[in-house]
Amino acid sequence: MDAKIRQKTLQMLSNGVYVLTSRSEGRYGAATVTWVSQASFKPPLIMAAVRRESKVFECLAESRTAVLHIVGDRQQDIARRFFFPTHAVRGSINGEAFMEGKTAAPVLPNLPAYIECHVEQIVDTHGDHAVVILRAVEAECQDRVRPLTMAETPWKYGG
């Protein structure tokens, strides 16, 4: 298989842009993620591929909680903040305000919608990402906006 053609083709898969947050005791993890999909109606399950070396993966694996935030189509600047290592200080993560959710995981109120989750299962893919199966336990939609997709950004991830 030609590596360049494979990369170009895989990058054509449609992906949304989300911010995933988690907390384990006093440590926080947050990252922009794009490989996300609903996996079941009953129970309400979501699957997300998460980089194994990330702080958010470390936190959700320990605490078994996470919050998946939907990023609006005009919020690239917020999503970009979570491309970098997690830095939490005085009620903010990477400069973005947060509050504690019902699961104790951090909720970013400046994003239009979020789903608080319990980690149902972590699937070892033997790759650089693990597939995390999340059970939705709480949800909030503060503003109905068009979700941001990778196709609308200058960013490339995957392939």
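Reading the values: rules and limits
Residues numbered from 1 in each chain as written. Predicted model: local features only at pLDDT ≥ 70, side-chain atom pairs only at ≥ 80, totals over all residues. Heavy atoms only, no water. Core = buried A, V, L, I, M, F, W, Y, C linked by side-chain atoms within 4.5 Å. Buried < 20%, exposed > 50% of the residue type's maximum accessible area, 1.4 Å probe, protein only. Helix = DSSP H or I, 4+ residues; strand = E, 2+ residues; numbered from the N terminus. Contact = heavy atoms within 4.5 Å. Pairing = 2+ DSSP bridges. Axes fitted to C-alpha atoms, helices over the stretch in contact; angles between N-to-C directions. Phe/Tyr/Trp six-rings, centres within 6.5 Å; stacked < 30°, edge-to-face > 60°.

Visitor: Sorry, what's going on with the nonpolar core here?
Guide: Generally speaking, soluble globular proteins have nonpolar side chains that are buried together. Counting residues in hydrophobic clusters, the biggest one holds 21 residues, and the most contacted among them are Leu20 and Leu134. Where this core is concerned, the elements lending two or more residues are β1 (18-24), β2 (27-33), β4 (45-51), α2 (55-63), β5 (65-70), β11 (113-123) and β12 (129-141). Not counting residues up to four positions away in its chain, the partners in contact with Leu134 are Leu20, Pro44, Leu45, Ile46, Ala66, Cys117, His118, Val119 and Glu120.

Visitor: Which parts of the structure should I look at to understand the sheet that holds β12?
Guide: Hydrogen bonding along the main chain pairs the strands of a sheet, whether they run parallel or antiparallel. One open sheet holds the seven strands; their spatial order is β2-β1-β5-β11-β12-β4-β3, and the pairing between them is antiparallel. What marks the edges here is a single partner per strand, and that holds for β2 and β3 (36-40). Each neighbouring strand pair of the sheet contributes to a mean axis angle of 35°, computed without reference to strand direction. Here 10 bridges tie β11 to β12, and the two strands are oriented antiparallel to one another. The residue of β12 that forms the bridge with Tyr114 is Glu140. Where α2 meets the sheet, it contacts β1, β2, β4, β5, β11 and β12, and its direction lies at approximately 50° from that of β1.

Visitor: How should I be thinking about the packing of aromatic side chains in this particular structure?
Guide: We describe a pair of aromatic rings using the distance from one ring centre to the other and the angle between the two ring planes. Enumeration over the complete set of coordinates arrives at two aromatic pairs. Ring centres of Tyr28 and Phe98 lie 5.1 Å apart, and the angle between their planes is 55°; on these two criteria the pair is classed as tilted. With Tyr28 in strand β2 and Phe98 in the loop between β8 (96-97) and β9 (99-100), the pair connects residues that are 70 residues apart, well separated along the chain. For Phe98, a relative accessible area of 18% corresponds to the buried category. Ring geometry for Phe83 versus Trp155: centroids 4.7 Å apart, planes at 75°, classification edge-to-face. Of this pair, Phe83 sits in the loop between α3 (76-81) and β6 (88-89) while Trp155 sits in the segment after β12; the two residues are 72 residues apart in sequence, bridging distant segments of the chain. Owing to a relative accessible area of 40%, Phe83 belongs among the partly exposed residues under this scheme.

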